[in-house]
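Architecture at a glance
Listed here are the chains, written in short residue letters.
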Amino acid sequence: MTADDDARFGDESSSASDTGDCGDSDWAASRRRAAAQRARMLRERQDAEHARAARIIGLFLQVARDEGLEPVALRVRGYSGGSARTPLHGWYLRADETVGIDTQGRFYILSMPLSLSQRLRGVRPESQPVPMTIGEGGRDGDIVPLRFALDRLLPDWEERSPEPLV
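Given the structure is predicted, the values throughout are model-derived calculations rather than measurements.

Scanning the protein chain from terminus to terminus reveals 4 helices and 8 strands. Seen in sequence order, the protein chain has helices and strands lined up from the N terminus as α-α-β-β-β-β-β-α-β-β-β-α. Scored against the burial criterion, the 166 residues of the protein chain give a buried share of 30%. Once local pairs closer than 6 in sequence are excluded, the contacts in the protein chain between residues at least 24 apart make up 50%.

Moving on, we get to the nonpolar core. Membership of the largest hydrophobic core comes to 23 residues, with the highest contact counts inside it found for F60, L93, I101, L146, L150 and W157. Every element with two or more residues in this core is listed here: α2 (22–67), β3 (99–102) and α4 (146–153). For F60, the residues in contact, after removing those within four places along its chain, are L69, W91, I101, L150, L153, L154 and W157. Among the nonpolar cores identified, the runner-up in size contains 9 residues, and L74, L110, L114 and V123 belong to it.

Within this structure, the stated rule accounts for 7 salt bridges. The partner of R55 in a salt bridge is E163, and the shortest N-O contact between them spans 3.1 Å. In this pair, R55 is assigned in helix α2 and E163 in the segment after α4, connecting sequence segments 108 residues apart. According to the relative accessible area criterion, R55 is partly exposed, its value standing at 33%. For R77, the salt bridge goes to E97, with nearest N and O atoms at 2.1 Å. Placement of the pair is R77 in strand β1 (residues 72–78) and E97 in the loop between β2 (83–92) and β3, with a sequence separation of 20 residues. Its relative accessible area of 25% is what places R77 among the partly exposed residues.

Let's shift gears to the pairing of β1. Alignment of β1 against β2, held across 5 bridges, turns out to be antiparallel. Bridge pairing in β2 places V72 opposite G90. Adjacent in sequence and paired antiparallel, β1 and β2 are bridged by 4 residues, among which G81 carries a positive phi angle near 105°. Alignment of β1 against strand β5 (residues 111–112), held across 2 bridges, turns out to be parallel. Pairing of R77 across the sheet is with S111, part of β5.

Summarising the element assignment, A51 is placed in helix α2. C-alpha of A51 to C-alpha of V130: the two residues are 79 residues apart in sequence and 8.0 Å apart in space.

This part is about the side chain of T86. Mapped onto the fold, T86 is located in strand β2. Take T86: its relative accessible area is 11%, and that puts it in the buried class. Within the local environment of T86, its side chain forms a polar contact with the backbone oxygen of L74, the two atoms lying 2.5 Å apart. Here the side chain of T86 touches L88 through a polar contact of 3.1 Å, landing on its backbone nitrogen. Apart from residues lying up to four places away in sequence, T86 is in contact with L74, R75, V76, V123 and P125.

With mixed pairing, the 6 strands of this open sheet are ordered in space as β5-β1-β2-β3-β4-β6. Edge positions in the open sheet fall to β5 and β6 (127–128), since each of these has one partner strand only. Across 3 bridges, the pairing between β3 and strand β4 (residues 107–109) is antiparallel. Along β4, the bridge assignment pairs I101 with F107.

Thresholds, definitions, all that
Residues numbered from 1 in each chain as written. Predicted model: local features only at pLDDT ≥ 70, side-chain atom pairs only at ≥ 80, totals over all residues. Heavy atoms only, no water. Helix = DSSP H or I, 4+ residues; strand = E, 2+ residues; numbered from the N terminus. Buried < 20%, exposed > 50% of the residue type's maximum accessible area, 1.4 Å probe, protein only. Contact = heavy atoms within 4.5 Å. Core = buried A, V, L, I, M, F, W, Y, C linked by side-chain atoms within 4.5 Å. Salt bridge = Lys/Arg side-chain N within 4 Å of Asp/Glu carboxyl O. Pairing = 2+ DSSP bridges. Polar contact = N/O pair within 3.5 Å; in protein donor to acceptor, adjacent residues only side chain to side chain.

By themselves, these figures tell us nothing about what the structure is for.
This is the structure in structure tokens:
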């Protein structure tokens, strides 16, 4: 323990015995600060991961354009079947066509509940931050690293990338 810790713990124990719950409020405040710090660190790590994934997508798009990889019209799959058109063009990142990127490098989850009117009129899905791992938190076998998904679309594209991915 440091001198600051000794002083703090000494103050807490003496004040807790004097007032009864002053120590509890200090402990609760310290736990709130620690939780806020962990949440901030998690956000920073996620932001860094999304920035790295967006850079990889940007490099992929350069190679795809140079090599003439044709985008396709992206559709949304309904949870209970059926599909709906979207205004998006790009590439599916999974064989089941549930996620994709558009020609601008935005990432979309392409599965959602669809009403009859959405099936008829179409939908405009919201873009999401690009993950380094597609399907994280899903079932085993549903998890695909982003680089593998892009390599499925354009084999060995990383070797032709204008910059190294690292």
